[in-house]
Amino acid sequence: MSSAGTAKRVSPAVLFVAGTDTDVGKTVATAALAVVASARGSVAVMKPAQTGVTGDEPGDLDEVRRLTGLTDLHEGIRLRDPLAPTTAGRREGVPLPSVDTHAKTIGDLAAERELVIVEGAGGLLVGLDEDGHDLADLAGRLEVPFTFVVVARAGLGTLNHAGLTVEALRSRGLPIAGLVIGSWPAEPDLAEQCNLEDLPATTGVPVVGRIPAGAGQLDRQAFTRAAPTWLASLDFG
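The text that follows walks through the structure, step by step, so that each part is easy to find.

Basis of the calculations
Residues numbered from 1 in each chain as written. Predicted model: local features only at pLDDT ≥ 70, side-chain atom pairs only at ≥ 80, totals over all residues. Heavy atoms only, no water. Core = buried A, V, L, I, M, F, W, Y, C linked by side-chain atoms within 4.5 Å. Buried < 20%, exposed > 50% of the residue type's maximum accessible area, 1.4 Å probe, protein only. Pairing = 2+ DSSP bridges. Helix = DSSP H or I, 4+ residues; strand = E, 2+ residues; numbered from the N terminus. Axes fitted to C-alpha atoms, helices over the stretch in contact; angles between N-to-C directions. Contact = heavy atoms within 4.5 Å.

### A closer look at the nonpolar core
Of all hydrophobic cores here, the largest spans 42 residues; its most connected members are Val14, Phe16, Leu135 and Phe148. Membership of the second largest hydrophobic core comes to 33 residues, among which are Leu15, Val28, Ala32 and Leu67.

Rendered as structure tokens:
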């Protein structure tokens, strides 16, 4: 398993996709990672908590299915309000699964697949259960090897947000495979160009992928063909 912030090679049973914030491109990055991983073996994608959708509305896993064609998709709970799961659950009066329950589900999935990709909700430290446990706490409950990919913005503010997220992971002793820029513009401005160079120096973690802006609007054939080129620096082992 990769040590925090030093290695690009990934050979985990579970890959967590954590964002530096909400709307940074986690779902499209998750889909791209699933495409690359599925070329090497069986892959499941799990979303512990989906917020901002009703029971019959398409959620993030439906987007992963549309982009990749994968059907081994698992959602822990969905909540109506577009808020942190702890807040949305409290407002809706819905009991949330504990991170121990999520960890068991992930472990069971990992026992029969080469890789389980777990997409977080919002940023790393957003609460997932009624006790406020977050994605980092969930990872700490696992008994199988895992690592994190951190999805970050391209523009101003990303150095701070990425640095804080990486620091939070390191302080908990959790391994990091690399950073992925969730939406890389066709014509990056000065800040975006500089951030691409400065992110590894600021965080100590390599940038292992860049997802082009608008990738989520591609059809399945174009997306699956292009995804490996966006993540060429990430080796799943």
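### Considering the sheet that holds strand 6 (residues 176–184)
With parallel pairing, the seven strands of this open sheet are ordered in space as 3-2-4-1-5-6-7. Each edge of the open sheet carries a strand with a single partner, namely strand 3 (73–79) and strand 7 (207–212). The average undirected angle you get between the axes of adjacent strands in this sheet is 20°. Bridge analysis of strand 1 (residues 14–19) against strand 5 (residues 146–152) gives six bridges, and the strand direction is parallel. If you follow Leu15 over to strand 5, its bridge partner there is Thr147. Sitting on the sheet, helix 3 (residues 85–92) touches strand 2 (43–51), strand 3 and strand 4 (115–123), and the angle it makes with strand 3 is about 55°. Each of strand 1, strand 5 and strand 6 is contacted by helix 6 (residues 158–171), which is oriented at about 165° to strand 5, the strand it contacts most.

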